[in-house]
Amino acid sequence: MADLEKFRADTRAWLKENAPPSMAQPLKSDDEACWGGRKGNYPPDVMRWLKVMSERGWTAPMWPKEYGGGGLSKQEAKILHEEMAKLHLRPALIGFGLSMIGPLLLQHGSEDLKREHIPRIVRGEIRWCQGYSEPGSGSDLASLQTKAVRDGDHFILNGQKVWTSYAEKADWMFVLVRTDFEAPKHKGITFLLMDMESPGVAVKPIKLISGSSPFCETFLTDVRVPVTNVVGQINDGWSMAKALLGHERTMIADAFKERDDAMRLLNMARRYVGEDGEGRVADAVVRDRMTQVEMDQACLDLTMARIRDNAKAGHAPGAESSILKYYGTELNQRRRELMVQIAGPQGLGWEGPGFEPAEIKLTRDWLRSRGNTIEGGTSEIQLNVIAKRVLGLPD
Ligand SMILES: Cc1cc2nc3c(=O)[nH]c(=O)nc-3n(C[C@H](O)[C@H](O)[C@H](O)COP(=O)(O)OP(=O)(O)OC[C@H]3O[C@@H](n4cnc5c(N)ncnc54)[C@H](O)[C@@H]3O)c2cc1C
C-alpha cells in the first residue's frame, strides 16, 4: 500500500511538471486527439505530450517494458488513469495500434513482429487502419475475396476493401486475405500486416451523412507483402480476426462510457427545456427519459469497469465484448436522439449564424451515432454472437 501511495504521489508530481497546460483542455472532437503516424500534423504541445508520455511507456501503461510499454501493474495503471483524470489530462495517444493490433500482436505475434511494431505503436510513429470489410463481405466477413497468392517469400495481393476508417491517414493496415480458395470459407483466410506505402495500394475517401470523410475504399493491385508479416498461421487468420474483434468491440463500447462533456444531458435540458422553480428540469417526460439513460449508463460503466479489470488481469475480452458493443452503441444512439430532441430546432443545425458551434456538433454527432451500431459488426450480428457463444443457444 505504501508503495502504491508513493507511486501516486510521484505520478501526480510528474504529470504536473510534464503535461503542457493545453493538454488539460477537453477534446472538442476525435480529430483533435493525437492518433500519431507519419502523416500526422499536430501542434507542438500535442507532440511534446506524446514524447514525454511515450518515453515512460505511459501511452501503453501495462504493455511489457521490453517492447517499450510502461510495465505497470494493474493497480499502478489505475492510479495513473485516476491522476490523469483529476488533472483533466487527455490521453497522449489513441488509435487502432493501441486498441486493436497492439494487443493482438502481444498475444499472437511472432517475436520479430512484436519487436518491429510494438515500440513504434507505443511511440505513436505508425497509424494503423483495419482492412476487413469488402463490398460483398460485411456481416458475412468470412466470405471475403481479396486474394493473396504466394510468390516465394512474398504474397501478392489483389482485391478491394471498403469502409476502411482513416485509410488515407494510416501508415499500415492489418488486412484479411484469402490464401486458400478450396478450403471452407473460415479456413482459407490469413491475417497480414501491410505497409500502406507499398506499390499498388490506392485509397479513395467516402463522404458520410455527417459531412466528414473518415473512411475509404482501398484498392489493392499486385501488392507485395512479405510472408513474415503473417500474424498467427497461414490459413488461420479467422481466429486472429475474431480475437481482434474482441478488442475492437470492447474499445467501441469503451468510447461511450460517460464523459465529462460540456454538453452533458442535464446542462442541456436546463438550458433548452428550462427549470421548474425547484431546480428540476421543467418537463416530467424529459426528466423521466434522462433518468433512464443515466441509470442505464451507470450500469454500463460498472460492467465496463469490471471487464477492464479482468482484461488488466490478463483475460482477453471474448464473445462477452459483444454485450458491451451492443449495449454501448444502442445506448449512445438513445442519448444522442434525446439530446437532439431536447435542443428542439437548435438540434437540427447544419451551418450558418443561427446555430452555435456546439449545436452544429450535436447534430453531426447524432448522425455519426447511426454508424455505431454498424461498425465492428452490426447490432444484429452482436445479438447472434451473444445468443450462440455467450448463452449457448442452438442455431
Ligand atoms: C463508422 C464505420 C466505420 C467502419 N470502419 C471499418 C474499418 O475501419 N474497417 C473495416 O474493415 N470495416 C469497417 N466498417 C464496416 C463494417 O464492419 C460493416 O459495415 C459491417 O460489418 C456491416 O457490413 P455491411 O455494411 O456489408 O452490411 P451487411 O452485412 O450487408 O448487412 C446489412 C443488414 O443485414 C443485417 N444482417 C446481415 N447478416 C445478418 C445475419 N446473419 N443475421 C441478422 N441480420 C443480418 C445487418 O445487421 C444489417 O442490418 C465500418 C463501418 C462503419 C459504419
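Undergrad: What am I meant to see in the nonpolar core here?
TA: Counting residues in hydrophobic clusters, the biggest one holds 55 residues, and the most contacted among them are Trp49, Ile101, Trp128, Tyr132, Phe174, Phe191 and Leu193. Only α1 (2–18), α2 (44–55), α3 (74–86), α4 (96–108), α5 (111–122), β4 (172–178), β5 (189–195) and α6 (237–254) provide two or more residues apiece to this core. Considering every element that reaches this core, the biggest residue donor is α4, with six residues. Not counting residues within four places of it along the chain, the set of residues in contact with phenylalanine 174 comprises Phe96, Met100, Ile101, Trp128, Cys129, Gln130, Gly131, Tyr132, Phe191, Leu192, Leu193 and Leu244.

Undergrad: Teacher, can you tell me more about the site of the ligand here?
TA: Taken together, 19 residues sit near the ligand, with Ser133, Ser139, Trp163, Thr378 and Glu380 positioned nearest. Within the side chain of serine 165, an N or O atom sits 2.7 Å from a nitrogen atom of the ligand. If you list the elements that add at least two residues to the shell around the ligand, you get β3 (154–165) and α11 (379–390). Ranked by residues supplied to the shell around the ligand, first place goes to β3 with four residues. Across the shell around the ligand, the residue classes break down as six nonpolar, ten polar and three charged.

Undergrad: Looking at this structure, how should I read the pairing of strand β2 (residues 147–151)?
TA: The two faces of a sheet get side chains in turn, since along a regular strand they alternate between them. Sheet topology note: the β2/β3 ladder contains five bridges and is antiparallel. Its bridge partner being in β3, aspartate 151 is matched across the sheet by histidine 154.

Undergrad: I'm lost on the pattern of salt bridges in this one. Help?
TA: As a working rule, side chains carrying opposite charge can pair if their charged atoms are close by. Applying the stated criterion across every chain yields a total of 28 salt bridges. A salt bridge links aspartate 365 to arginine 336; the nearest nitrogen and oxygen atoms lie 3.8 Å apart. With a gap of 29 residues between them, aspartate 365 in helix α10 (residues 357–369) and arginine 336 in helix α9 (residues 321–343) connect regions that are remote in the sequence. Note on aspartate 365: relative accessible area 22%, which makes it partly exposed. The exposure class of arginine 336 is buried, given its relative accessible area of 10%. Put simply, arginine 368 and glutamate 375 hold a salt bridge, and the shortest N to O gap is 3.1 Å. Overlapping salt bridges bring together Arg8, Arg12, Lys78, Glu82, Glu83 and Lys86 as one network.

Undergrad: Quick question: what am I supposed to make of the packing of α9 against α11 here?
TA: Each pair of packed helices can be described by the angle between their axes along with the distance between the axes. At a minimum axis distance of 9 Å, the contact between α9 and α11 shows a crossing angle of 150°. The crossing of α9 and α11 is left-handed. Packed against α9, whose contacting residues are Ser322, Ile323, Lys325, Tyr326, Thr329 and Glu330, the element α11 presents Ser379, Gln382, Leu383, Val385, Ile386 and Val390 at the interface. Classifying every residue of the contact of α9 with α11 by side-chain character gives six nonpolar, four polar and two charged.

Undergrad: Please clarify how α9 should be interpreted in this entry.
TA: Working note: α-helix, 3.6 residues per turn, so residues spaced by three or four point in the same direction. When the terminal C-alpha atoms of α9 are compared, their 33 Å separation across 23 residues agrees well with the 33 Å that a helix rising 1.5 Å per residue should span. Immediately beyond the C-terminal end of α9, within one or two residues, lies glycine 344, with a positive phi of roughly 60°.

Undergrad: Just checking my understanding: could you explain the packing of aromatic side chains for this structure?
TA: Here the distance between the centres and the angle between the planes together describe a pair of aromatic rings. Scanning the model with the defined rule gives ten aromatic pairs in all. Between tyrosine 132 and phenylalanine 174, the ring centres sit 6.3 Å apart and the planes meet at 85°, which makes this aromatic pair edge-to-face. Separated by 42 residues along the polypeptide, tyrosine 132 in the loop between β1 (128–131) and β2 and phenylalanine 174 in strand β4 bring together distant segments of the chain. Judged by relative accessible area, phenylalanine 174 falls into the buried class, the value being 0%. Ring pairing ties together the aromatic residues Trp128, Tyr132, Trp172, Phe174 and Phe191, which thus form one cluster.

Undergrad: Quick question: what am I supposed to make of the environment of serine 99 here?
TA: Following the sequence through the fold, serine 99 ends up in helix α4. Within the structure, the side chain of serine 99 is placed 2.9 Å from the backbone oxygen of glycine 95, a separation counted as a polar contact.

Undergrad: Explain a nonpolar patch on the surface here, please?
TA: On the surface, a cluster of nonpolar side chains totalling about 340 Å² of accessible area is made up of Ile323, Val390, Leu391 and Leu393. Looking at the secondary structure, you find leucine 393 in the segment after α11. Residue leucine 393 is classed as partly exposed on the basis of its relative accessible area of 45%.

Undergrad: Which parts of the structure should I look at to understand the environment of leucine 98?
TA: Considering the arrangement of structural elements, one finds leucine 98 in helix α4. Sequence-wise, leucine 98 and tryptophan 35 are 63 residues apart; in three dimensions their C-alpha atoms are separated by 9.7 Å.

Quick notes on the rules
Residues numbered from 1 in each chain as written. Predicted model: local features only at pLDDT ≥ 70, side-chain atom pairs only at ≥ 80, totals over all residues. Heavy atoms only, no water. Core = buried A, V, L, I, M, F, W, Y, C linked by side-chain atoms within 4.5 Å. Buried < 20%, exposed > 50% of the residue type's maximum accessible area, 1.4 Å probe, protein only. Helix = DSSP H or I, 4+ residues; strand = E, 2+ residues; numbered from the N terminus. Contact = heavy atoms within 4.5 Å. Near = heavy atom within 4 Å. Polar contact = N/O pair within 3.5 Å; in protein donor to acceptor, adjacent residues only side chain to side chain. Nonpolar A, V, L, I, M, F, W, Y, C, P; charged D, E, K, R; others polar. Pairing = 2+ DSSP bridges. Salt bridge = Lys/Arg side-chain N within 4 Å of Asp/Glu carboxyl O. Axes fitted to C-alpha atoms, helices over the stretch in contact; angles between N-to-C directions. Left-handed = near helix turned anticlockwise from the far one by under 90°. Expected span 1.5 Å × (residues − 1). Phe/Tyr/Trp six-rings, centres within 6.5 Å; stacked < 30°, edge-to-face > 60°. Patch = residues over 30% accessible without salt bridge, like charges linked within 9 Å, V, L, I, M, F, W, Y side chains within 5 Å. Areas by Shrake-Rupley, 256 points an atom, 1.4 Å probe, with all protein chains shown as cover.

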